[in-house]
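# Structural description and commentary
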Amino acid sequence: MSTSNTRSPTKTDTSIPRRPLLWMAAALVFTLPPFFDSLAIWIPWLFLLSLALKFWMEPRGYRLRSVVLKLLFVAAAFTTVFISYGSVRGVEAAISLLVVLMSLKIFEAHTAREFRVMVLIGWMLCLCGFFLSQDFTTALCLLIAFALLVVALIQFHRGASPGAVWPPVGTTCKLLLQASPLVVLFFFLFPRINAGLQFELRPFRAANTGFSDRLSPGRIAALANSAEIAFRAEFPGSSTRPSGPMYWRGIVMWHCNGMEWRAPYAPRPKSPSTTRDIAGTGGLPVQFPNAKEIQQRITLAPHGARWMFALDHPIKTPPAAMLARGDYLCSVLPIRKSRQYEVVSSDSSGNEITAEERAEALEVPASISPAVRDLAHSWMVQNPEPRGIVNSALQFFRTQGFSYSLTPGEYNDLEEFLFRRRVGFCEHYATSFATLMRLAGIPARVVVGYLGGEYNDLGHFFLVRQADTHAWCEVWLPEKGWTRVDPTAAVAPGRASLDFTSFLETRTASGQMGARQNALIAQLLRSGVFTNVRFIWQTLSYEWDTRLVAFDADVQDVLLTSMGIASRGTIFLVVQILLVALAVLAIYFAWMQLRTRSRVDRVKALYEYFCRKTARLGVRRDPCEGPLDFARRAAQSLPNESNRIRQIADRYILLRYAPEPAPGMLDKFAKEVNAFGARTRH
């Protein structure tokens, strides 16, 4: 980098004005949120550093000039991105490379052409941000970034005239408002090529969700601090919350290896003979006496897997999903976009169990220690009834000094957990309890899902986060069938009645758990104002996901069918939309021309009326005479009216040639022309 002390006025090597540079920097800062969440951490920080250095370099004339240095920096960018991602292919690597090259462009830019190139790259970064995330926060930030880039471009071309800071903002708002009808038209009516507004081109990370086909100690505890949204749930037709704890069923695990469990590699549909089909899809009805049915509307965040969720026990399968063995929902295809579905659950699972399921639900590994087997056997001796064995096991967890912890550490085997350390999270208690039940001769399985959720009073929905991931056990009792047993509730009784965050706050306040955040911050987060703001933001985000992001081809088909234009074919629809768009543009341009012409015609008519008045007073305007020359000559001939003549001429020039005359100026001009010569006649 170097500085140039002499500059020729004919060269384009000039500094970029500070105001448009500030607008552009603000816009680029708003493109950063999705980069911090998705790209290597050094990339957004490099971007911020380049913006800060630009403001230090620009007033001093420093910039990146050397071609050799430029090539070296580009090579370093490719190398660093390759090291960070193992490749320069893929969406994240490509966007990272674009951000790094934009950082280098910031160091180099100093001409009008390069400023416009940076604005174009900034708009590309706005588009790339949607490749990484489509949530409401990201969309709002990118919309602001897009608008600020327009402001920067307008400010750059307006120059640095006094009072020119905020007019570009007003111009940008007008442009966006004028474009909004076409945006709405194309959003609702343009045919969808892919299945929705939301698209994910990058691979999903397993760490984004607490679900997989395996459950091992510590896997769920790692999500305790995750605020990422899993899904939102409504209860149509009900304005109140469901009574009792809400266990959202996700996946059922059958294969036991002590404290490690796994689900079948390929979920199998539930046998029709045990499926209650209230939707009329072919299953044989199974009567559940006194069963209570609960309807839910779930809006599921994309996670790349096939898991779907519903309250225990789903009995109605949504489209493109199946009810798998174990009474849990499984999507036919991986869920890579926001999905909304309705499901009905029952509080009863029926009392059916096949011989194959019984055998599978009693399998235990040979590696279980004798001490653990003796513990289960002692419960059988004490009370051989299944219900009695379950109660004895719960009493054991309740009275033998077990504690609930987010950081229980690692365990070598089940014996260490049950007889020595006795500290665990929900997965420790669910897996160990299910293994003990099998040792005691009771069929058992582990269920992984979510427990609870935060209720939003404003939007009337439950927000379930990844931190609410939970594991529990189900045992088969002859009189009740598959029955949920949550051993974690025996150790931490309040967990079932609260969402996980509220549960931790309650335990922290009671001294049962160390504070995870500053007491002042915790009090602020619990305040009514902050809670209301959070609920408003959650509701806006929910509306964004359900109204816009979830507007896919199916929803569009329903809309077009209701409008009566769905059956005419895609080509006809595209042509029709284009014709409507052209008609809207034609109407807009005609209105603008009419508005401009009507204003200009009235100004011209008033000025000609003024000229006729001066002619009656003895000063006739020459057809080739301009308004300033005529005003100067008329003022000399009519000294008593000189001030008014000059004022009328100035207003006429502004109204005739200024791009945006001040509001009300035309009315003032008309009054002055009408008043001119009145005193002379008297």
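Residues numbered from 1 in each chain as written. Predicted model: local features only at pLDDT ≥ 70, side-chain atom pairs only at ≥ 80, totals over all residues. Heavy atoms only, no water.

### Quick notes on the sheet that holds strand β17 (residues 481–485)
Taken in spatial order, the 5 strands make up an open sheet running β7-β3-β13-β16-β17, and their pairing is antiparallel. The open sheet has two edge strands, β7 (310–311) and β17, and neither has a second partner. Helix-sheet contacts for helix α13 (residues 426–439) involve β13 (444–451), β16 (469–477) and β17, and the interaxial angle to β16 is about 15 degrees. (Pairing = 2+ DSSP bridges. Helix = DSSP H or I, 4+ residues; strand = E, 2+ residues; numbered from the N terminus. Contact = heavy atoms within 4.5 Å. Axes fitted to C-alpha atoms, helices over the stretch in contact; angles between N-to-C directions.)

### Things to note about the sheet that holds strand β2 (residues 229–234)
Reading across from one edge, β10-β6-β2-β15-β14 is the order of the 5 strands in this open sheet, with antiparallel pairing throughout. Each edge of the sheet is formed by a strand with only one pairing partner; in this case those strands are β10 (339–346) and β14 (454–456). On average, each strand axis in the sheet is inclined to that of its neighbour by 30 degrees, with strand direction left out of account. Judged from the 3 bridges that link them, β14 and strand β15 (residues 461–465) form a sheet pairing that is antiparallel. Across the sheet, the residue bridging to Tyr-455 is Phe-462, located in β15. The strands touched by helix α17 (residues 528–549) are β2, β6 (293–300), β10, β14 and β15; relative to β14, the strand with the most contacts, the crossing angle is about 85 degrees.

### What to know about the packing of helix α1 (residues 18–30) against helix α3 (residues 42–57)
Where α1 contacts α3, the two axes come as close as 11 Å, and the packing angle between them is 170 degrees. Overall, the two elements α1 and α3 adopt an arrangement that is roughly antiparallel. Where α1 approaches α3, its residues Arg-18, Leu-21, Leu-22, Ala-25, Leu-28 and Val-29 are matched on the opposing element by Phe-47, Leu-48, Leu-51, Lys-54 and Phe-55. Residue composition of the contact of α1 with α3, by class: 9 nonpolar, no polar and 2 charged. (Parallel < 35°, antiparallel > 145°, perpendicular 65-115°, else oblique. Nonpolar A, V, L, I, M, F, W, Y, C, P; charged D, E, K, R; others polar.)

### A word on unusual backbone geometry
His-313 follows Asp-312 through a cis peptide bond whose omega is -15 degrees. By the element assignment, His-313 lies in the loop between β7 and β8 (321–324). The residue Asp-327 is not glycine, and still its phi comes out positive at about 60 degrees. Within the secondary structure, Asp-327 sits in the loop between β8 and β9 (328–331). Backbone geometry at Arg-422 places phi at a positive 55 degrees, although glycine is not the residue there.

### Description of helix α22 (residues 665–675)
When α22 is considered as a whole, its buried residues turn out to be Met-665, Leu-666, Phe-669, Ala-670, Glu-672 and Val-673. Along the axis of α22, the buried positions cluster into a sector of 165 degrees, meaning they face one direction only. Where α22 ends, the next residue or the one after it, Gly-677, has phi of about 85 degrees, a positive value. (Buried < 20%, exposed > 50% of the residue type's maximum accessible area, 1.4 Å probe, protein only. Arc of directions from axis to C-beta.)

### So, the pattern of salt bridges
Overall, the coordinates contain 17 salt bridges when judged by the stated rule. With a shortest N-O distance of 2.8 Å, Arg-249 and Asp-312 are connected by a salt bridge. Residue Arg-249 is located in strand β3 (residues 247–253), and its partner Asp-312 is located in the loop between β7 and β8; the two are separated by 63 residues in the primary sequence. Residue Asp-312 is classed as buried on the basis of its relative accessible area of 10%. Where salt bridges share partners, they join Arg-249, Asp-312, Arg-445, Glu-474 and Arg-484 into one cluster. (Salt bridge = Lys/Arg side-chain N within 4 Å of Asp/Glu carboxyl O.)

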